[in-house]
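Tertiary structure, described
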Protein chains: 2
Amino acid sequence: MYGLIGKIIAAPGKREELISILLEGTTDMPGCLSYVVSQDNTDENALWVTEVWESQASHEASFSLPGVQRAIAKGKPMITAFGERFETTPVGGHGLA
Amino acid sequence: MYGLIGKIIAAPGKREELISILLEGTTDMPGCLSYVVSQDNTDENALWVTEVWESQASHEASFSLPGVQRAIAKGKPMITAFGERFETTPVGGHGLA
């Protein structure tokens, strides 16, 4: 499995709109076992995306999906910066669909 | 919802055993929507736990579960330190069971 934990800083006032775009664009991604979008509790402009994929290849392939490309095009102008980013190898747990 | 992203540093050589203990002890936790344990890809002793709960209360309550208490008792001696820890408010996504 392949995992990503990443923080995104939205432009001021744009976090909720960016979250909606991320959630809409990522509903049907082959090989995606978990994709959760969360508000950061200490920074009103920050959000986290935590992802689990069958493989790094399935993650890479997702960038070719029309829904993901649309989400990137719509969301990119609302992103001020990327924060922490951790690559992981998930080994198990609950909620890997 | 309530979310946690946390890094744990295992004692040298103890990461896999600690991961097994965490996975065994956390299979049946009321209110837990996602609980994923991952190896860090850059530190051979580090692991990540990413959690999504119905509420902060259900997370707190999990510490009273016998399985969780056993896991803490068994795993604690294998933990050298805690790393980054981020509290979040998950808003949606895929893999929330």
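Scope of this entry: the structure provided in the associated data block. All values reported here derive from a predicted model rather than from experimental measurement. (Residues numbered from 1 in each chain as written. Chains lettered and ligands numbered in written order. Predicted model: local features only at pLDDT ≥ 70, side-chain atom pairs only at ≥ 80, totals over all residues.)

Within chain A one finds three helices and four strands. N-terminal to C-terminal, the α/β element order of chain A is β-α-β-β-α-α-β. Computed over C-alpha atoms, the radius of gyration of chain A comes to 13 Å, within 12% of the 13 Å expected from 2.2 N^0.38 for 97 residues, which places it in the range of a compact globule. C-alpha atoms of chain A, sized along the principal axes, occupy 35 × 30 × 20 Å. Put simply, chain A has 97 residues, and 40% of those count as buried. (Helix = DSSP H or I, 4+ residues; strand = E, 2+ residues; numbered from the N terminus. Rg over C-alpha atoms; globule rule 2.2 N^0.38 Å. Buried ≥ 20, exposed ≤ 12 C-beta atoms within 10 Å, placed from the backbone.)

It is worth spelling out the packing of helix α1 (residues 15-25) of chain A against helix α3 (residues 66-75) of chain A at this point. All names here are of chain A. Taken N-terminus to C-terminus, the directions of α1 and α3 make an angle of 170°; their axes are 8 Å apart at the nearest point. Our classification of the angle between α1 and α3 gives roughly antiparallel. Contact residues: α1 offers Leu18, Ile21, Leu22, Glu24 and Gly25, while α3 offers Gly67, Val68, Arg70, Ala71, Lys74 and Gly75. Here the contact of α1 with α3 is built from residues that sort into five nonpolar, three polar and three charged. (Axes fitted to C-alpha atoms, helices over the stretch in contact; angles between N-to-C directions. Parallel < 35°, antiparallel > 145°, perpendicular 65-115°, else oblique. Contact = placed C-beta atoms within 7 Å. Nonpolar A, V, L, I, M, F, W, Y, C, P; charged D, E, K, R; others polar.)

Structurally, the position occupied by B:Trp48 is in strand β3 (residues 46-53). Along the primary structure B:Trp48 and B:Ile9 are separated by 39 residues, whereas in three dimensions their C-alpha atoms are 8.9 Å apart. Excluding anything up to four places from it in sequence, B:Trp48 contacts A:Ile5, A:Phe86, A:Thr88, B:Ile5, B:Gly6, B:Lys7, B:Ser38 and B:Asp40.

Moving on, we get to the relation of the copies chain A and chain B. Here two copies of a chain appear, and what relates them is a rotation about an axis with a shift along it. For the match of chain A to chain B, the screw axis carries a shift of 0.0 Å, the RMSD comes to 0.0 Å, and the turn is 180°. Between the two chains, the operation in question is that of a two-fold axis. Of every C-alpha in chain A, the one belonging to A:Gly95 sits nearest the axis of rotation, 2.5 Å from it. A share of 100% of interface residues in chain A that are also interface residues in chain B marks the association as one of identical surfaces. (Least-squares fit on C-alpha atoms with pLDDT ≥ 70 in both.)

Between chain A and chain B, the contact holds 30 residues from the first and 30 residues from the second. Elements that contribute at least two residues to the side of chain A that touches chain B include exactly β1 (2-10), α1, β2 (32-40), β3 (46-53) and β4 (79-94) of chain A. Split into classes, the residues belonging to the side of chain A that touches chain B amount to 15 nonpolar, 13 polar and two charged. Where β4(A) lies against strand β2 (residues 32-40) of chain B, six bridges are found, and the strand directions are antiparallel. In the sheet register, A:Pro90 faces β2(B), and the bridge partner there is B:Ser38. (Pairing = 2+ DSSP bridges.)

With antiparallel pairing, the eight strands of this closed barrel are ordered in space as β1(A)-β3(A)-β2(A)-β4(B)-β1(B)-β3(B)-β2(B)-β4(A). Within the sheet, the average angular offset between the axes of one strand and its neighbour, ignoring direction, is 35°. With seven bridges connecting them, β2(A) and β3(A) associate as antiparallel partners. Within β3(A), the residue paired with A:Val36 across the bridge is A:Thr50.

Residues and elements named next belong to chain A. Examined bridge by bridge, β1 and β3 share eight bridges and lie antiparallel to one another. The residue bridging Gly6 from the neighbouring strand is Val49, located in β3. Where β1 lies against β4, seven bridges are found, and the strand directions are antiparallel. Note on β4: the bridge partner recorded for Ile9 is Ala81.

The next subject is the environment of A:His59. All names here are of chain A. Structurally, His59 can be placed in helix α2 (residues 56-62). A tally of 18 C-beta atoms within 10 Å means that His59 is categorised as partly exposed. Look past the residues within four positions of His59 in its chain and what remains in contact with it is Tyr2 and Trp53.

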